[in-house]
Amino acid sequence: MNDRRLKFAVAALALIGAGVAGYLTYTRFAHTLIICATGGCETVQNSRYAELLGIPVALLGLASYTFVLGTAFFDNMLARAAGAATALAGVIFGLYLLIVQLVVIDAVCQWCLASDLVLDALAVACLLRLRVGIRVQAAANP
Amino acid sequence: MTRRAYLAVAGVAALIAAGLIGASLVSAKADSKPASPHSSTEAASILAGIPQHGNVLGRQNAPVTLVEFADLQCPYCATWSNTAFPQIVRDYVRPGKVRIVFAGVAFLGPDSERGLRFAFAAGNQGKLWDTTHMLYAQQGAENSGWLSDNVLRELGTTIPGLDAERALRESSTVDRQLAEARGLADRAGVRGTPSFAAGPTNGKLVPVAVSSLDANALRPTLDSYLAG
């Protein structure tokens with residue numbers, strides 16, 4: 001996949017993720033019900049793991065997706081590395097939250113699962129973009 | 001260069017993730033500490049002199065009925081109970097304008113149902129609202145066993161007029177109240193708590209969409225029913 005397509009993939013995936021996180025952030029602040037097929041979304045959103053030091057996890061997710069989206073508009077190595085590191089951190093944190101849902105809260109939120117899947121794909125796209133950047137740099141500075 | 005770059009990215013990602021997980025664990029642990037208990041005198045002063053019949057607070061002939069769908073383990077329900085509820089009681093229930101029906105639901109697990117059964121049993125003694133208000137004030141971590149029989153017994157000693165032993169015995173016989181509350185919640189399409197429905201007493205109850213847990217979020221609806 002060429003760099004342009006990867007940029008597009010990163011931007012598209014980050015936008016989808018921002019949409020999911022944005023929806024959860026909105027329901028949290030508006031106190032509206034979450035559209036939920038698994039039945040566990042309210043339980044997860046009302047749990048003590050839905051906030052991190054007073055900041056809603058959904059809002060952190062929205063900020064992270066927006067940051068990664070921003071990195072897609074830059075071609076330098078720092079942007080590629082920052083995007084990849086953020087997405088990878090998101091994958092690890094998402095895995096932790098999934099374990100919390102299954103083991104501690106005993107309820108699963110479909111939107112969190114959707115975000116996890118988007119994050120996985122986003123991390124792969126960001127890492128591929130980083131690889132392209134490294135190769136280009138290596139070719140320019142043999 | 002390649003390996004170093006990947007290692008650096010992985011290292012930064014691991015550091016960020018470790019920070020987030022650590023903060024989450026600290027945050028969750030802090031939240032699991034019981035809220036500072038409200039004094040029973042505070043609950044008593046909010047509810048003093050207001051009639052309680054089962055799960056209904058207020059005059060039976062109040063022109064407007066407000067139904068509160070709540071889970072005793074839900075933090076938002078506790079927030080509503082501790083902040084908005086006293087104002088709604090002061091401005092609408094005490095003057096006889098509105099009566100509130102507690103439609104308890106057990107969305108969050110076994111502790112929710114244990115507390116709910118005890119609250120409905122306390123309702124047989126006219127003490128449901130004192131009980132729910134005090135339980136919210138002492139709310140612990142979800143399904144951590146915070147709603148044990150001992151806690152409920154102890155609660156009984158702080159609510160004048162409540163025979164906790166009797167409520168504990170009767171808590172296994174309140175299936176009808178539980179089913180009625182569940183039926184109300186199902187008919188109103190409740191999928192999260194707290195949720196509200198309102199309408200003329202003995203008339204059609206309509207779900208109320210609230211934008212916040214502030215008492216002001218409910219006032220326009222209650223005022224419009226009172227005016228109409």
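All of the points below concern the structure found in this document. Predicted, not measured: the structure shown is a model, and the values here were computed from it. (Residues numbered from 1 in each chain as written. Chains lettered and ligands numbered in written order. Predicted model: local features only at pLDDT ≥ 70, side-chain atom pairs only at ≥ 80, totals over all residues. Heavy atoms only, no water.)

**As for the pattern of salt bridges**
So, point 1. All chains considered together, the criterion is met by 13 salt bridges over all chains.
So, point 2. In this structure, Asp75(A) engages Lys7(A) in a salt bridge whose closest nitrogen and oxygen atoms are separated by 3.2 Å. Of this pair, Asp75(A) sits in the loop between helix 3 (57-71) and helix 4 (77-105) while Lys7(A) sits in helix 1 (residues 3-30), and the two are 68 residues apart along the sequence.
So, point 3. Accessibility expressed as a relative area gives 24% for Lys7(A), which makes it partly exposed.
So, point 4. Where Arg166(B) meets Glu170(B), a salt bridge forms, and the shortest distance between an N and an O atom there is 3.0 Å. Placement of the pair is Arg166(B) and Glu170(B) together in helix 7 (residues 164-170), with a separation of four residues, close to one helical turn.
So, point 5. Linked through salt bridges whose partners overlap, the residues forming this network are Asp3(A), Lys7(A), Asp75(A), Arg80(A) and Arg129(A). (Salt bridge = Lys/Arg side-chain N within 4 Å of Asp/Glu carboxyl O. Helix = DSSP H or I, 4+ residues; strand = E, 2+ residues; numbered from the N terminus. Buried < 20%, exposed > 50% of the residue type's maximum accessible area, 1.4 Å probe, protein only.)

**Overview of the side chain of Thr132(B)**
So, point 1. With respect to the helices and strands, Thr132(B) occurs in helix 5 (residues 128-137).
So, point 2. Discounting residues that sit within four places of it in the chain, Thr132(B) has contacts with Leu72(B), Phe102(B) and Ala119(B). (Contact = heavy atoms within 4.5 Å.)

**Let's talk about the environment of Ala62(B)**
Residues and elements named next belong to chain B.
So, point 1. You can see alanine 62 is positioned in the loop between strand 2 (56-57) and strand 3 (64-70).
So, point 2. Residues alanine 62 and glycine 96, 34 residues apart in the sequence, show an inter-C-alpha distance of 5.4 Å.
So, point 3. The residues touching alanine 62, leaving out its near neighbours within four places in the chain, are Gly96, Lys97, Val98, Arg99 and Thr201.

**As for the pairing of strand 5 (residues 195-200) of chain B**
Residue and element names in this part refer to chain B.
So, point 1. Burial analysis of strand 5 places five of its six residues in the buried class, which makes it a mostly covered element.
So, point 2. For strand 3 and strand 5, the ladder comprises six bridges, and the chain directions are antiparallel. Its bridge partner lying in strand 5, leucine 66 is registered against alanine 198.
So, point 3. Relative to strand 6 (residues 206-208), strand 5 runs antiparallel, the two being bridged by three bridges. If you follow phenylalanine 196 over to strand 6, its bridge partner there is valine 208.
So, point 4. Two successive antiparallel strands, strand 5 and strand 6, enclose a turn made up of five residues, where asparagine 202 displays a positive phi of approximately 70 degrees. (Pairing = 2+ DSSP bridges.)

**A look at the environment of Gly96(B)**
Residues and elements named next belong to chain B.
So, point 1. With respect to the helices, strands and loops of the structure, glycine 96 is situated in the loop between helix 3 (75-93) and strand 4 (98-104).
So, point 2. Glycine 96 sits 32 residues away from valine 64 along the chain, and the two C-alpha atoms are 9.2 Å apart.
So, point 3. When sequence neighbours within four positions are dropped, the list of residues in contact with glycine 96 reads Arg59, Ala62 and Pro63.

**Describing the packing of aromatic side chains**
All names here are of chain B.
So, point 1. This model, assessed by the stated rule, comprises seven aromatic pairs over all chains.
So, point 2. Ring geometry for tryptophan 80 versus phenylalanine 85: centroids 5.9 Å apart, planes at 50 degrees, classification tilted. Accessibility classification places tryptophan 80 together with phenylalanine 85 in one group, the buried group.
So, point 3. Taking the ring centre of tyrosine 92 as reference, the NZ or CZ of lysine 97 above it sits at 5.6 Å. (Phe/Tyr/Trp six-rings, centres within 6.5 Å; stacked < 30°, edge-to-face > 60°. Lys NZ or Arg CZ within 6 Å of the ring centre and 35° of its normal.)

**Quick look at the environment of Thr27(A)**
Residues and elements named next belong to chain A.
So, point 1. Relative to the assigned elements, threonine 27 resides in helix 1.
So, point 2. For threonine 27, a relative accessible area of 4% gives the class buried.
So, point 3. Taking the C-alpha atoms as reference points, threonine 27 and glutamate 42, 15 residues apart in sequence, are found 9.9 Å from one another.

**Let's talk about the interface of chain A and chain B**
So, point 1. Residue-level contacts link 34 residues of chain A with 36 residues of chain B.
So, point 2. Carbon and sulfur atoms supply 66% of the area that chain A and chain B bury against each other, a total of about 2800 Å² over both sides.
So, point 3. Taken together, the connections running from chain A to chain B amount to zero salt bridges.
So, point 4. At the junction of chain A with chain B, the criterion picks out three residue pairs in polar contact (both at pLDDT 80 or more).
So, point 5. Sorting the residues of the side of chain A that touches chain B by element identifies helix 1, helix 2 (41-46), strand 1 (51-52), helix 4 and helix 5 (110-140) of chain A as the ones contributing at least two each.
So, point 6. Counting residues per element, the side of chain A that touches chain B draws most heavily on helix 4 of chain A, at 10 residues. (Buried area = accessible area lost by both parts, 1.4 Å probe. Polar contact = N/O pair within 3.5 Å; in protein donor to acceptor, adjacent residues only side chain to side chain.)

**Let's talk about the packing of helix 3 of chain B against helix 9 (residues 219-227) of chain B**
Residue and element names in this part refer to chain B.
So, point 1. Interhelical geometry of helix 3 versus helix 9 gives an angle of 15 degrees and a closest axis separation of 12 Å. When the axes of helix 3 and helix 9 are compared, the pair comes out roughly parallel. Along this stretch, helix 3 crosses helix 9, giving a crossing that reads as right-handed. Judged by residue contacts, Gln87, Ile88, Arg90, Asp91 and Tyr92 of helix 3 engage Arg219, Leu222, Asp223 and Leu226 from helix 9.
So, point 2. Across the contact of helix 3 with helix 9, the residue classes break down as four nonpolar, one polar and four charged. (Axes fitted to C-alpha atoms, helices over the stretch in contact; angles between N-to-C directions. Parallel < 35°, antiparallel > 145°, perpendicular 65-115°, else oblique. Left-handed = near helix turned anticlockwise from the far one by under 90°. Nonpolar A, V, L, I, M, F, W, Y, C, P; charged D, E, K, R; others polar.)

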